[in-house]
Amino acid sequence: QVRLVESGGGLVQAGGSLRLSCAASGITFSSLYHKYWYRQAPGKQRELVATLTTGGSTNFAEFVKGRFTISSDNAKNTVYLQMDSLEPEDTALYSCRWTRINNGLSYWGQGTQVTVSS
């Protein structure tokens, strides 16, 4: 059974940094999954924040470009989201998704809350 668990969220002042982790269990080959970070603020739709493909390509939403980076450690079955220069507008529940490349199966974590105070 595949399970994704996010961690690293918390309360931080504007301008601060956090590193989120998304650890997967029940997955044999982490390198066969595209990995994504999403966020959802109260009263808003969920939005894609960052993408890391199996080939190592990354993509970021405009609102985080230059401030967030995504990386993974396949040996640890973990994907990270480094968030710098945080703004109050970044306050949201951050969730990860892994999608297997050969069959499209996706798995979601429960999310970790990030709150940025002004």
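Residues numbered from 1 in each chain as written. Predicted model: local features only at pLDDT ≥ 70, side-chain atom pairs only at ≥ 80, totals over all residues. Heavy atoms only, no water.

Before going further, it helps to spend a moment on the state of the cysteines. Applying the stated rule across the entire model yields 1 disulfide. Across a sulfur-sulfur distance of 1.9 Å, Cys22 and Cys96 are joined as a disulfide pair. For the disulfide bridge between Cys22 and Cys96, the dihedral angle about the S-S bond is near 60°, and by the sign convention the bridge is right-handed. Here Cys96 lies in strand E9 (residues 92-100) and Cys22 lies in strand E3 (residues 18-25), a separation of 74 residues in the sequence. Looking at Cys22, the relative accessible area reads 0%, which means it is buried. (Disulfide = S-S within 2.5 Å. Helix = DSSP H or I, 4+ residues; strand = E, 2+ residues; numbered from the N terminus. Buried < 20%, exposed > 50% of the residue type's maximum accessible area, 1.4 Å probe, protein only.)

Assignment of secondary structure puts Thr53 in the loop between strand E5 (47-52) and strand E6 (58-60). By relative accessible area, Thr53 is classed as partly exposed at 25%. Once the C-alpha coordinates of Thr53 and Tyr36 are considered, the two residues, 17 residues apart in sequence, prove to be 8.5 Å apart.

Function-wise, these values are silent; they only describe arrangement.
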